[in-house]
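Chain by chain, the residues run as shown.
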Amino acid sequence: MKVPFLDLTAASAPIQPAIEAALLRAARSGYFIGGPELEAFEAAYAAYLGAPHALGVANGLDALYLGLRAMGIGPGDEVIVPSNTYIATWLAASQCGAVPVPVEPREDTYNLDPAAVEAAITPRTRAILPVHLYGQPADMDALNAIAARHGLHILQDAAQAHGASYKGRKVGAEGHCTWSFYPSKNLGALGDGGALTTDDERIAKEVNLLRNYGSAVKYENDVKGVNSRLDPIQAAVLAVKLEALDAATARRRQIAAMYGAAFAKVGLDHPHVPDWADPVWHLYVVRHPQRDAFQRRLAEAGIGTVIHYPIPPHLQRAYADAGHQPGSLPIAERLAGEVLSLPMCPAQTDAQTEYVIDRVIELS
Ligand SMILES: *Cc1c(COP(=O)(O)O)cnc(C)c1O
């Protein structure tokens, strides 16, 4: 048997005719920048999350960057970021001219440790950028309390968490969230896409300016903005995929439940879910002390896995100038050496999931 890590063609097969109809409609609409397809998706996504405002942008990194810009983050400022995340989270702060200050995660949830966040705050700290990593919400009540105590902004990187809930409230319903619609994300376009959602009209207005050259009135530019757009063709596809998102998430949750029950029974490492979190399982991540050999054995058995992420941002050449040393962020470094993402695809059958479970137990 073969079990791919993620099969995007199989995952969208049930809605492929609807996707193709949407593509044709968008191609014939005469709107190639902005217009009704974009506005309809923005409204549908805002309604899905319970967010007052949703603004489409070109990708998830732009959403992060524009969110920080809208909060006034700039040179000389410090932004607290997780030490274990995709590098985009850090790059957004760097693009603003700010300094990303890494904070270690809790080892049980892989998400920001609120106590460590508070210890990292300096007079220059302006914002906290929590990531809902692997589709599991970070502990927002604790982080919001810290931000309120110190007068900090919070921008949530929800690129992996479309549809996740925290204490019964959907991620995105409150505060400011950024989303990626990169094809392999839980809600993915046929190319790049992103969005920012917010419950603050001021932030929505500012991002609306910034994404459009800093202009609200054509040929009048109030700030030095950028060109960052969600294409109407992608918006039309995303509207179709959004309608199928809850069914896909339900399937991911079934697969995660099968994995979790089987691995718990034999005492194998598997993700811990706090009782206040309802994750959407963008990734199902286990740990193994000899991870690379384990991954090779699984590959030989026909099982596709991926490492998220093999090199933490502070040890990337891109951040050599920041002077972070190996050993400075031991949890992130240990995770980078041990984590392995198992197959997780809404199209994965029970037989495939059982095959993965049996081989993981046998080969770990
Ligand atoms: C995918 C991702 C991003 C970046 O999204 P793009 O659309 O690829 O720019 C940012 N943060 C996290 C945590 C991601 O997983």
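Analysis parameters
Residues numbered from 1 in each chain as written. Predicted model: local features only at pLDDT ≥ 70, side-chain atom pairs only at ≥ 80, totals over all residues. Heavy atoms only, no water. Near = heavy atom within 4 Å. Polar contact = N/O pair within 3.5 Å; in protein donor to acceptor, adjacent residues only side chain to side chain. Areas by Shrake-Rupley, 256 points an atom, 1.4 Å probe, with all protein chains shown as cover. Pairing = 2+ DSSP bridges. Helix = DSSP H or I, 4+ residues; strand = E, 2+ residues; numbered from the N terminus. 1 Å grid on protein atoms, 1.4 Å probe; cavity = no way out; pocket = protein on both sides within 12 Å on 5 of 7 lines; lining within 4 Å. Points joined across faces, edges and corners; volume = space filled by probe spheres on them. Nonpolar A, V, L, I, M, F, W, Y, C, P; charged D, E, K, R; others polar. Domains from an automatic or database assignment. Buried < 20%, exposed > 50% of the residue type's maximum accessible area, 1.4 Å probe, protein only. Arc of directions from axis to C-beta. Contact = heavy atoms within 4.5 Å.

S.K.: What exactly am I supposed to notice about the site of the ligand here?
M.R.: For the ligand, the full set of nearby residues is Asn59, Gly60, Leu61, Ala88, Val131, Asp157, Ala159, Gln160, Ser180, Tyr182, Lys185 and Gly193. Contact between the ligand and Gly60: an oxygen atom at 2.8 Å from a main-chain N or O atom of the residue. The separation between a nitrogen atom of the ligand and a polar side-chain atom of Asp157 is 2.7 Å. Burial of the ligand by the protein chains amounts to 91% of its free accessible area of 380 Å².

S.K.: Which parts of the structure should I look at to understand the sheet that holds strand S4 (residues 125-128)?
M.R.: Either a parallel or an antiparallel arrangement is found when strands of a sheet pair, and the pairing is made through backbone hydrogen bonds. Ordered in space as S3-S2-S4-S5, the four strands form an open sheet in which the pairing is parallel. Of all strands in the sheet, those bounded by a partner on one side alone are strand S3 (99-103) and strand S5 (153-154). Across three bridges, strand S2 (residues 78-82) lies against S4 in parallel orientation. In the strand pairing of S4, Glu78 is matched with Thr125.

S.K.: Which parts of the structure should I look at to understand empty space enclosed by the protein?
M.R.: To find leftover empty space, one rolls a probe the size of a water molecule over the atoms. Taken as a whole and assessed by the stated rule, the structure comprises two cavities of 30 Å³ or more. Its volume calculated, the largest cavity comes out at about 100 Å³. Every residue along the wall of the largest cavity is listed here: Asp108, Thr109, Tyr110, Leu133, Tyr134, Gln136, Pro271, His272, Pro279, Trp281, Leu283 and Val285. Residues of the lining of the largest cavity, tallied by class, amount to eight nonpolar, three polar and one charged. Taken domain by domain, the makeup of the lining of the largest cavity includes at least three residues from each of domain 1 (8-239) and domain 2 (245-363). Its volume calculated, the second largest cavity comes out at about 80 Å³. The greatest single-element share of the lining of the second largest cavity, amounting to three residues, is contributed by helix H12 (residues 330-338). In terms of residue class, the lining of the second largest cavity is built from nine nonpolar, four polar and no charged. Counting the residues that make up the lining of the second largest cavity, at least three belong to each of domain 1 (8-239) and domain 2 (245-363).

S.K.: Would you explain helix H7 (residues 140-150) in this entry?
M.R.: Turn by turn, an α-helix covers 3.6 residues, leaving residues three or four places apart pointing in a common direction. Here H7 has its buried residues at Met140, Leu143, Ile146 and Ala147. Down the axis of H7, the smallest arc covering the buried residues is 125°, so these residues share one side. Opposite the buried face of H7, by more than 90 degrees, sit the exposed residues Ala148 and Arg149. Where H7 is buried, its residues contact helix H6 (114-119), S4, S5, strand S6 (156-157) and strand S7 (165-166). Once H7 finishes, Gly151 follows within two positions and takes phi at roughly 65°, a positive value.

S.K.: Would you mind showing me how to read unusual backbone geometry here?
M.R.: Glycine aside, residues mostly have negative phi angles, and peptide bonds mostly take the trans form. Omega for the bond connecting His308 with Tyr309 falls within 30 degrees of zero, at 15°, which places this linkage in the cis form. In this structure, Tyr110 is a non-glycine residue whose phi angle is positive, near 65°. Its place among the elements puts Tyr110 in the loop between S3 and H6. For Tyr110, a relative accessible area of 6% translates into the label buried.

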